[in-house]
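Descriptive analysis of the structure
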Amino acid sequence: MPRVVLGVAGGIAAYKAVELLRQLTETGHDVTVVPTDAALAFVGAPTWAALSGKPVSASTWDRVHEVPHVRIGQEADLVVVAPATANLLAKAAHGLADDLLTNTLLTARCPVVMAPAMHTEMWEHPATRANVATLRSRGVLVVEPAVGRLTGKDSGKGRLPEPEELAHLVRQVLARGSADLDLAGRRVVVSSGGTREHLDPVRYLGNRSSGRQGHALARAAVARGAEVVLVSSSGLPDPAGVKVLKVTSAQEMHDAVLAEARSADAVVMAAAVADYRPAERLAVKRKKTDTLDVEFVQNPDILAALVAARGQGQIVVGFAAETGDDHATVIEHGRAKLARKGCDLLVVNEVGESGHPTGFEGTHNAATVLGADGSTTDVPLVTKDALADVVWDLVAARL
Ligand code: C5P
């Protein structure tokens with residue numbers, strides 16, 4: 001059972017850490033909660049103790065014979081601090097050790113994830129910026145806060161990401177088994193979901209893409225330290241630490257991806273982009289007729305546009321769902337597509353039979369990743385999270 005320390009600092013978002021604790025214990029983690037005194041003013045020790053099944057204290061003076069200020073950190077496989085307040089970030093950046101949590105942070109040698117939550121002004125203050133930069137330079141994974149409703153009536157950047165997404169990120173870091181932030185300082189753009197091409201205000205043409213593989217790619221890149229932009233037409237929840245731009249149509253996705261790609265080190269097009277859209281989008285609902293004639297026009301090929309516009313050293317990755325036929329195998333079709341599209345890597349999926357666990361709606365995927373350098377990487381049936389890590393391994397090796 002992976003041993004996780006859940007550090008909780010004194011912000012109102014401490015109430016969301018209760019749900020994070022629940023998610024982690026439900027998915028088979030042994031969790032020790034280490035709150036600060038201020039956190040206990042928001043959520044009391046009995047709540048943490050009951051849900052973790054362990055004694056809870058903020059102090060180094062309880063159970064001293066067990067030397068908790070050293071043992072808890074040493075024994076951990078991962079430490080996650082959620083919420084991390086401005087005060088906690090400052091103390092951690094400067095190596096202070098005046099309570100159990102700050103002591104634990106100094107003795108831990110495992111991956112450390114911090115999910116800051118505070119008002120926008122505090123997050124943007126030069127002191128906090130400097131503390132975050134210091135922590136990141138030491139290999140701490142500091143997750144970008146979400147944008148949205150804050151404590152009061154105001155909203156902005158500074159929200160704690162949703163507990164389910166934080167739990168997923170924790171599992172991803174643990175699964176990789178390394179605190180190696182090999183994408184730190186890199187900016188990556190990922191697309192996800194199937195586009196919707198509207199016929200009128202009510203109806204659209206779409207496809208079966210769930211967005212799961214693209215979301216997994218975004219989450220995996222966060223876990224490796226990247227700054228991540230996700231351009232998505234999927235309805236899945238926003239992954240923790242990711243800037244999400246919602247789009248609907250292929251044209252909107254084209255505009256957003258190309259704008260974001262200008263300053264990106266890598267772009268991964270996992271979205272299922274419609275090749276055609278209705279020539280005309282009616283402003284009012286189409287009336288029922290005996291037959292329906294719709295003229296279609298071609299959408300821009302985003303991948304081709306990315307390759308044409310790409311800057312020096314930028315890595316471009318495409319996806320291709322293929323079936324074999326009488327003329328060529330799936331891989332031969334993939335090789336031809338890689339050459340045609342001009343990208344660096346092409347993740348080729350064999351489109352499964354209906355009900356097959358790979359591809360569109362499932363949680364798993366199998367693929368062959370083809371490189372423009374002639375390389376071939378076979379990925380057997382694995383989770384979409386694991387396939388995402390293989391893709392980033394290949395991207396990181398080319399950056
Ligand atoms: O040519 P095909 O649609 O099979 O290529 C698939 C790849 O191209 C995917 O990475 C998809 O995201 C991308 N694509 C695109 N723009 C389109 C169609 C597909 O970028 N209009």
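The rules behind these values
- Residues numbered from 1 in each chain as written.
- Predicted model: local features only at pLDDT ≥ 70, side-chain atom pairs only at ≥ 80, totals over all residues.
- Heavy atoms only, no water.
- Helix = DSSP H or I, 4+ residues; strand = E, 2+ residues; numbered from the N terminus.
- Rg over C-alpha atoms; globule rule 2.2 N^0.38 Å.
- Buried < 20%, exposed > 50% of the residue type's maximum accessible area, 1.4 Å probe, protein only.
- Contact = heavy atoms within 4.5 Å.
- Areas by Shrake-Rupley, 256 points an atom, 1.4 Å probe, with all protein chains shown as cover.
- Lys, Arg positive; Asp, Glu negative; His and termini not counted.
- Charge placed at Lys NZ, Arg CZ, Asp CG, Glu CD.
- Domains from an automatic or database assignment.
- Buried area = accessible area lost by both parts, 1.4 Å probe.
- Salt bridge = Lys/Arg side-chain N within 4 Å of Asp/Glu carboxyl O.
- Polar contact = N/O pair within 3.5 Å; in protein donor to acceptor, adjacent residues only side chain to side chain.
- Near = heavy atom within 4 Å.
- Nonpolar A, V, L, I, M, F, W, Y, C, P; charged D, E, K, R; others polar.
- Axes fitted to C-alpha atoms, helices over the stretch in contact; angles between N-to-C directions.
- Parallel < 35°, antiparallel > 145°, perpendicular 65-115°, else oblique.
- Pairing = 2+ DSSP bridges.
- Expected span 1.5 Å × (residues − 1).
- Right-handed = clockwise from strand over helix to strand, strands pointing away.

Section: the overall build of the chain
Looking only at helices and strands, the chain features 14 helices and 19 strands. What you see for the chain is a C-alpha radius of gyration of 23 Å, in line with the 21 Å of a compact globule of 399 residues. Taken along the three principal axes of its C-alpha coordinates, the chain extends 75 × 50 × 40 Å. Counting every position in the chain, which comprises 399 residues, the buried fraction comes to 50%. Long-range pairs, those at least 24 residues apart, make up 68% of the contacts in the chain with a sequence separation of at least 6. With an accessible surface of roughly 18,400 Å², the chain has 52% of that area assigned to carbon and sulfur atoms. Here the chain contributes 41 positive and 46 negative side-chain charges, whose respective centroids are spaced 4 Å apart.

Section: the domain arrangement of the chain
Taken as a whole, the chain is organised into domain 1 (3–176) and domain 2 (187–398). One C-alpha centre belongs to domain 1, the other to domain 2; they are set 34 Å apart. On the side of domain 2, 14 residues touch domain 1, which itself brings 11 residues to the contact. Note on domain 1 versus domain 2: buried area summed over both sides is about 1,100 Å², and carbon and sulfur give 58% of it. Three residues, Glu165, Gln172 and Arg176, lead the burial of domain 1 against domain 2; their summed loss comes to 55% of the area buried on that side. Between domain 1 and domain 2 we count one salt bridge in total. Between glutamate 165 and arginine 219 there is a salt bridge; the shortest N-O distance is 3.4 Å. Seen at the junction of domain 1 and domain 2, the total is three residue pairs in polar contact (both at pLDDT 80 or more).

Quick word on the environment of aspartate 98
Secondary-structure assignment places aspartate 98 in the loop between helix 5 (86–94) and helix 6 (100–107). Separated by 56 residues in sequence, aspartate 98 and phenylalanine 42 have C-alpha atoms that sit 20 Å apart. Ignoring anything within four residues of it in the chain, the contact list for aspartate 98 reads Lys91 and Asn103. Polar contacts involving the side chain of aspartate 98 include one to the side chain of lysine 91, which spans 2.9 Å.

Observations regarding the site of the ligand
For the ligand, the set of nearby residues contains 13 residues, the closest of which are Met269, Ala271, Leu303, Phe319 and Lys337. Between a nitrogen atom of the ligand and a main-chain N or O atom of isoleucine 302, the distance comes to 2.9 Å. Contact distances for the ligand include 3.0 Å between an oxygen atom and a side-chain N or O atom of lysine 341. When the free accessible area of the ligand is taken as 450 Å², the share hidden by the protein chains comes to 86%. When residues of the shell around the ligand are traced back to their parent elements, those giving at least two are helix 12 (302–309), strand 16 (315–322) and helix 13 (330–341). In terms of residue class, the shell around the ligand is made up of eight nonpolar, one polar and four charged.

Examining the packing of helix 1 (residues 14–26) against helix 3 (residues 45–52)
Between two packed helices, the angle of one axis relative to the other and the distance separating the axes together describe the packing. The geometry of helix 1 relative to helix 3 is characterised by a closest axis approach of 10 Å and an angle of 10° between their N-to-C directions. One element, helix 1, and the other, helix 3, form an angle in the roughly parallel class. Each of Ala14, Ala17, Val18, Leu21, Arg22 and Thr25 in helix 1 lies in contact with helix 3, whose residues at this interface are Thr47, Trp48, Leu51 and Ser52. Residue classes in the contact of helix 1 with helix 3 are distributed as six nonpolar, three polar and one charged.

Some points on the sheet that holds strand 5 (residues 141–142)
The five strands are arranged 2-1-3-4-5 in an open sheet whose pairing can be described as parallel. Since the sheet does not close on itself, it has two edges, and those belong to strand 2 (30–35) and strand 5, each with one partner. For strand 3 (residues 78–84) and strand 4 (residues 112–116), the ladder comprises four bridges, and the chain directions are parallel. From the neighbouring strand, valine 81 faces strand 4, where its bridge partner is methionine 114.

Quick look at helix 9 (residues 163–176)
Compared with the 20 Å implied by 1.5 Å per residue over 14 residues, the 20 Å span of helix 9 between its first and last C-alpha is a close match. Burial of helix 9 is extensive: 10 of the 14 residues sit out of reach of the surface. Inspection of helix 9 places Pro163, Glu165, Leu166, Ala167, His168, Leu169, Val170, Gln172, Val173 and Leu174 among the buried residues, and these make up the whole buried set. Looking at the residues trailing helix 9, positive phi occurs at glycine 177, about 65°.

Here's the deal with the pairing of strand 2
One face of the sheet, then the other: side chains in a regular strand alternate in exactly this way. Counting buried positions over the six residues of strand 2 gives five, a clear majority of the element. Following the backbone out of strand 1 (residues 3–8), through helix 1 and into the adjacent parallel strand 2, one traces a crossover that is right-handed.

Notes on the sheet that holds strand 11 (residues 227–232)
In sheet architecture, strand pairing relies on hydrogen bonds along the backbone and comes in two forms, parallel and antiparallel. With mixed pairing, the eight strands of this open sheet are ordered in space as 12-11-8-13-16-17-18-19. Only two strands of the sheet have a single neighbouring strand rather than two, namely strand 12 (242–246) and strand 19 (376–383). Across the sheet, the axes of successive neighbouring strands diverge by a mean angle of 20°, strand direction being ignored. The pairing of strand 16 with strand 17 (residues 345–350) spans six bridges and is classified as parallel. Opposite phenylalanine 319, over in strand 17, you have valine 347 as the bridge partner. Of the strands in this sheet, strand 13 (266–269) and strand 16 are in contact with helix 12, which crosses strand 16 at around 160°.

Describing the side chain of glutamine 23
Along the chain, glutamine 23 turns up in helix 1. Residue class for glutamine 23 comes out buried when judged on its relative accessible area of 18%. Residue contacts for glutamine 23: discarding those within four places in its chain leaves Glu164 and Ala167.

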